[in-house]
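Chain residues, written in single-letter form:
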Amino acid sequence: MGWTLRLKYLQSEAEEGWVMSAPVTLTGRLVADPDLRFTPKGDAVVNLRVVTSARRLNKQTDKWEDSDTTFWSVSGWRQLAENVAESLSKGDAVVVVGKVKSREWEDKDGGKRVAWEVDAQSIAADLSRATVKVNRVVRESAPEVDPWSNTGMVPVQDVEAPF
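The paragraphs below set out a description of the structure included in this document. All residue numbers here refer to positions counted from 1 along the written sequence of the relevant chain. Restriction of local features to residues with pLDDT of at least 70 applies here, the model being predicted, together with a cutoff of 80 or more for giving and counting side-chain atom pairs; totals for whole chains, interfaces and linings are based on all residues. Derived side-chain values reflect all non-hydrogen atoms in the structure, with water molecules and hydrogen atoms excluded from consideration.

**A few points about the nonpolar core**
Side-chain atoms within 4.5 Å are what join buried Ala, Val, Leu, Ile, Met, Phe, Trp, Tyr and Cys residues into a set we call a nonpolar core. Buried means the residue's accessible area, taken with a 1.4 Å probe over protein chains only, is under 20% of the maximum for its type, while exposed means over 50%, and partly exposed covers the values in between. Ranked by size, the top nonpolar core spans 21 residues in total, and within it Leu48, Val74, Val96, Val118 and Ile123 carry the most contacts. For this core, the elements supplying multiple residues, two or more each, are β1 (22–30), β3 (44–58), β4 (63–77), α2 (78–87), β5 (93–106) and β6 (112–125). We call two residues contacting when some pair of their heavy atoms lies within 4.5 Å. Setting aside anything within four residues of it in sequence, one finds Ile123 in contact with Leu48, Val74, Leu80, Val84, Leu88, Val95 and Val96. The secondary structure listing takes helices from DSSP runs of H or I that are at least 4 residues long and strands from runs of E that are at least 2 residues long, numbered from the N terminus.

Below you can see the structure in the form of structure tokens.
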């Protein structure tokens, strides 16, 4: 089922009062630099626009052409948001895993509007179109205990790795 048809189906479910949440994986490019902001409570949120399109060979011209181009609004939270803002920029090829959600509102003329957005669980560079150097994030709040210990109280430096 194509995205347009699937989204129309989801929209009809939304109009009937169904709860919206559909898993999705997008591969595309960033339209602009990620926009990092912070909530009043201090949580990081990043907003980005991702463009996806299918490449098809035009048999008449024997050239590749973009088709089914779709622009997606994507948001990510907390550590993901900060990592995305530090790592990616306009034009980068990305893979986004998350859930499609609908947001409804009334426009200034009173008409009902629906926007489809992706709440990202993971955002990464598309390694089929780029290379990256991974820098692991050191979490300040990580416990200094061995998660495989029976008691959970053995310091990490005293335990040999299980692999």
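Moving on from the coordinates now.
**With respect to the side chain of Asn58**
By the element assignment, Asn58 lies in strand β3. For Asn58, a relative accessible area of 18% corresponds to the buried category. Here the side chain of Asn58 touches Glu65 through a polar contact of 2.9 Å, side chain to side chain. Setting aside anything within four residues of it in sequence, one finds Asn58 in contact with Lys63 and Glu65. Contacts described as polar in this section are N or O atom pairs within 3.5 Å, which, within protein, must combine one atom able to donate a hydrogen with one able to accept it, while residues neighboring in sequence count only if both atoms come from side chains.

**Description of the environment of Val46**
Tracing the backbone through its elements, the reader meets Val46 in strand β3. Placed 12 residues apart in sequence, Val46 and Pro34 show a C-alpha to C-alpha distance of 6.3 Å. Sequence-distant contacts of Val46, that is, excluding residues within four places in its chain, are made with Pro34, Asp35, Leu36, Val74, Ser75, Gly76, Ala81 and Val84.

**So, α2**
The set of residues buried in α2 consists of Leu80, Ala81 and Val84. For α2, the angular spread of buried residues about the axis comes to 100°, placing them on one side. Facing away from the buried side of α2 by more than 90 degrees, the exposed set consists of Arg78 and Glu86. Residues of α2 that are buried sit in contact with β2 (35–38), β3, β4 and β6. It is the directions from the helix axis to the C-beta atoms that the arc portrays.

Purely geometric stuff here, so don't read any function into it on its own.
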